[in-house]
Amino acid sequence: MTRSSSFAVFAALSLVLVSTACTAPDHAQDEQHLRQLVKAQTEAWNVHDATAWTRDFTDDAEFINIVGTVFQGRSEIETRHAAIFASIFKTSHAEVTVRKIHFPSDDIAVVDTMHEVTGHTGLPPGVQNTEEGLLRTQMRYVLKRTQKQWRIVSGQNTDVKPAPRPVP
């Protein structure tokens, strides 16, 4: 290979790498938007506003709650959350930490969060506090970007079980 042909190959490879880097999406800005979405949803939980809590779900979203019940569509998700905000979670407070954000494609995001809920007056059947007065759950959302806005298409909430008691 001559020196000029080596240079041509190098130049072509450099151009491919630069063009690939330039077309990569800006996930830093996407992450900022997704973190803001989680923050707004947490604020809605803390004022017990089911309409605001479900605002970012798509009309046909699916949500699996802490006991495994599947809710179909934003309307049902909102109705079910309004019911818990009026009862066992009426005085609750949530602290939510984003654990991980992953982008399987440019317009799809998976957001994993850890929720710490206190101040509740009861829990759904089969659910128990992770620690005295503290319910921890892990939430996973799958979101799709539509018209430059991130919307939740699927969610699942799983309770973190308490540590087993030592065997005497």
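Please refer to the structure higher up on the page.
Residues numbered from 1 in each chain as written. Predicted model: local features only at pLDDT ≥ 70, side-chain atom pairs only at ≥ 80, totals over all residues. Heavy atoms only, no water.

**Let's talk about the pairing of strand S1 (residues 57–64)**
Logical step 1: Alignment of S1 against strand S6 (residues 149–159), held across four bridges, turns out to be parallel. Paired with Phe-63 across the strands is Gly-155, a residue of S6.
Logical step 2: Pairing geometry for S1 and strand S2 (residues 70–72), over three bridges, is antiparallel. Bridging from a neighbouring strand, Ile-64 pairs with Val-70 of S2.
Logical step 3: Once S1 ends, the chain turns through five residues before running back antiparallel as S2, passing Gly-68 with a positive phi of about 95°. (Pairing = 2+ DSSP bridges. Helix = DSSP H or I, 4+ residues; strand = E, 2+ residues; numbered from the N terminus.)

**Some remarks on unusual backbone geometry**
Logical step 1: Unusually for a residue other than glycine, Gln-147 sits at a positive phi of about 50°.
Logical step 2: Its location among the elements puts Gln-147 in the loop between strand S5 (135–146) and S6.
Logical step 3: Phi is positive for Lys-148, which is not a glycine, with a value near 65°.
Logical step 4: Along the chain, Lys-148 turns up in the loop between S5 and S6.
Logical step 5: Taking relative accessible area as the criterion, Lys-148 reaches 79% and is therefore assigned exposed. (Buried < 20%, exposed > 50% of the residue type's maximum accessible area, 1.4 Å probe, protein only.)

**Focus: the environment of His-120**
Logical step 1: On the secondary structure map, His-120 appears in the loop between strand S4 (108–118) and S5.
Logical step 2: Here His-120 falls in the buried class, since its relative accessible area comes to 15%.
Logical step 3: It is 9.9 Å that separates the C-alpha atoms of His-120 and Ala-94, two residues lying 26 residues apart in sequence.
Logical step 4: What His-120 contacts, discounting residues up to four positions off in sequence, is Ile-88, Phe-89, Ser-92, Asn-129, Gly-133, Leu-134 and Leu-135. (Contact = heavy atoms within 4.5 Å.)

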